[in-house]
Amino acid sequence: MPTTPEAIVAAITDATTTGFRGRLIARGQARAMIWRDGVLPADAPAFAPQLSFDLHSYGYGLLGLGLRLLEMDGDVSQARIAFEQAATALESVMARGDRQEADRHFHFVMAAASYHLAHLSARAYSLLTFIAADETDCLVLPDGVSPREGASAFINRLTVLGMVETMRRDGHSALVHTAEAIPRRREISALIRVARALGSAPPSQ
């Protein structure tokens, strides 16, 4: 993991070079053009089964590099390149992907935040419309899942956003996680870092 601004810039440059990882971004965008709700047509090219995983890993890796570069007062223009590529990777998975995928809305929020950090606010807003459209749908509960358990699919994610907003509003600089919060730890940590980069959360003390 790069630990200096110079090393981070070098890692970003390498990861955003055309052809990186077998043209990963291009493959993701090509698949996104033809699949619907995560399903490819019968005559589609053979995309790697792990393509979505690779795009998520690539996107969050670049987002992390960009955030770390900002936190170290590094090259802002390079951070913006990382944010745009990260958002593009996440969008290529989510925009026409499986509507039942776990953490779908979280990935949309992170992709939108990445576009915003890259100063591409119109593209950020366009992604948030997917979330608004999804919210008009009904949640079909699998057999054996109670209405109370189904409701938690929304409550948990809203709780994460509420915790970050409460922290910002009340002037706090940290959150303490209980054992029950562990399943949301990744989301809480990511949201706090992105919120701080956007200037809506207080700096750590």
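In this text, all values refer to a predicted model and were calculated from it rather than measured experimentally. The numbering scheme is per chain: residues are counted from 1 as the chain's sequence reads. In view of the model being predicted, local features appear only for residues whose pLDDT reaches at least 70, and side-chain atom pairs are presented and counted only at 80 or more, with totals across whole chains, interfaces and linings using the full set of residues. The side-chain values count all of the structure's non-hydrogen atoms but skip hydrogen atoms and water molecules.

Visitor: Just to check I follow, could you spell out unusual backbone geometry for this structure?
Guide: Negative phi values dominate among residues other than glycine, just as trans dominates among peptide bonds. The backbone of D73 shows a phi angle near 55 degrees, a positive value even though the residue is not glycine. Helix numbers and strand numbers start at the N terminus; a helix is a DSSP run of H or I with at least 4 residues, a strand a run of E with at least 2. Topologically, D73 is positioned in the loop between helix 3 (51-71) and helix 4 (76-94). Categorising residues by exposure relies on relative accessible area from a 1.4 Å probe, with only protein chains included: less than 20% of the type maximum marks a residue as buried, more than 50% marks it as exposed, and the intermediate range marks it as partly exposed. Residue D73 is classed as exposed on the basis of its relative accessible area of 71%.

Visitor: Can you help me understand helix 2 (residues 20-34) in this one?
Guide: For an α-helix the count is 3.6 residues per turn, leaving residues at separations of three or four pointing the same way. Multiplying 1.5 Å by the helix residue count minus one yields the expected span of that helix. With 15 residues, helix 2 extends 22 Å between its outermost C-alpha atoms, agreeing within 8% with the 21 Å of an ideal straight helix rising 1.5 Å per residue. Two axes enter the bend calculation: one fitted to the seven residues ending at the residue in question, the other to the seven starting there, and the bend is the angle between them. Roughly 35 degrees is the biggest bend found in helix 2, and it falls at R27. Listed in full, the buried residues belonging to helix 2 are L24, I25, G28, R31 and A32. Two residues form a contact once any of their heavy atoms are found within 4.5 Å. For helix 2, the elements touching its buried residues are helix 3 and helix 4.

Visitor: What am I meant to see in the confidence of the model for the chain here?
Guide: Detail in the predicted coordinates should be disregarded across regions flagged by low pLDDT. Across the chain, pLDDT averages 80, with 74% of residues at or above 70. Looking at the elements of the chain, mean pLDDT is at its lowest for helix 7 (residues 147-169), recorded as 63, and at its highest for helix 1 (residues 5-15), recorded as 96. pLDDT expresses, on a scale from 0 to 100, how confident the predictor is about each individual residue. Every residue in residues 200-205 scores below 50 in pLDDT, and together they form 18 contacts with partners more than four places removed in sequence or on other chains.

Visitor: I tried to follow the packing of aromatic side chains on my own but got confused; where do I start?
Guide: Both the distance between ring centres and the angle between the ring planes are used here to describe each pair of aromatic rings. Here a Phe, Tyr or Trp ring, Trp counted by its six-membered ring, pairs with any other such ring whose centre lies within 6.5 Å, and the pair is stacked when the planes are under 30 degrees apart, edge-to-face when over 60, and tilted otherwise. Enumeration over the complete set of coordinates arrives at two aromatic pairs. A centroid spacing of 6.4 Å and a plane angle of 15 degrees characterise the contact between Y60 and F106, whose relative ring orientation is stacked. Of this pair, Y60 sits in helix 3 while F106 sits in helix 5 (residues 104-117); the two residues are 46 residues apart in sequence, bridging distant segments of the chain. Judged by its relative accessible area of 3%, F106 falls in the buried class. One Lys or Arg, R31, reaches over the ring of W35 and ends 3.9 Å from the middle of that ring. Ring-over charges, as used throughout, are those where CZ of Arg or NZ of Lys falls within 6 Å of the ring centre and within 35 degrees of the ring normal.

Visitor: Explain the side chain of Q78 to me, please; I cannot follow it from the model alone.
Guide: If you trace the backbone, Q78 turns up in helix 4. Take Q78: its relative accessible area is 17%, and that puts it in the buried class.

Visitor: Is there a simple way to explain the pattern of salt bridges in this structure?
Guide: A side chain with one charge can pair with a side chain of the opposite charge if their charged atoms come near. One speaks of a salt bridge when a side-chain nitrogen belonging to Lys or Arg is within 4 Å of a carboxyl oxygen belonging to Asp or Glu. Counted by the stated rule, this structure contains two salt bridges. Salt-bridge contacts for R123 lead to E84; the nearest nitrogen and oxygen are separated by 3.7 Å. Here R123 is found in helix 6 (residues 121-134), whereas its partner E84 is found in helix 4, with 39 residues between them in sequence. Since its relative accessible area comes to 33%, E84 is described here as partly exposed. E91 is paired through a salt bridge with R123; the nearest N and O atoms lie 3.8 Å apart. Here the residue E91 occupies a position in helix 4, and R123 occupies one in helix 6, the gap between them amounting to 32 residues. For R123, a relative accessible area of 33% translates into the label partly exposed. Connected through shared salt-bridge partners, E84, E91 and R123 make up one network.

Visitor: Any chance you could explain the packing of helix 2 against helix 3 here in plain terms?
Guide: The geometry of a pair of packed helices is captured by two quantities: the angle between their axes and the separation between those axes. In this analysis an axis means a line fitted to C-alpha atoms, helices contributing only their contacting stretch, and an angle means the value between N-to-C directions, from 0 to 180 degrees. Helix 3 packs onto helix 2 with a crossing angle of 110 degrees between their chain directions and a minimal axis gap of 10 Å. By the angle between their directions, the pair helix 2 and helix 3 is classed as roughly perpendicular. The interaxial crossing formed by helix 2 with helix 3 has left-handed handedness. Only L51, S52, D54, L55 and Y58 of helix 3 make contact with helix 2, whose side of the interface consists of F20, R21, L24, I25, R27, G28 and R31. Classifying every residue of the contact of helix 2 with helix 3 by side-chain character gives six nonpolar, two polar and four charged. Roughly parallel refers to an angle under 35 degrees, roughly antiparallel to one over 145, roughly perpendicular to one between 65 and 115, and oblique to any angle outside these ranges. Take the far helix as your reference; a near helix turned counterclockwise from it by less than a right angle gives a left-handed crossing, and one turned clockwise gives a right-handed crossing. Throughout, the ten residues Ala, Val, Leu, Ile, Met, Phe, Trp, Tyr, Cys and Pro are labelled nonpolar, Asp, Glu, Lys and Arg are labelled charged, and all others, Gly among them, are labelled polar.

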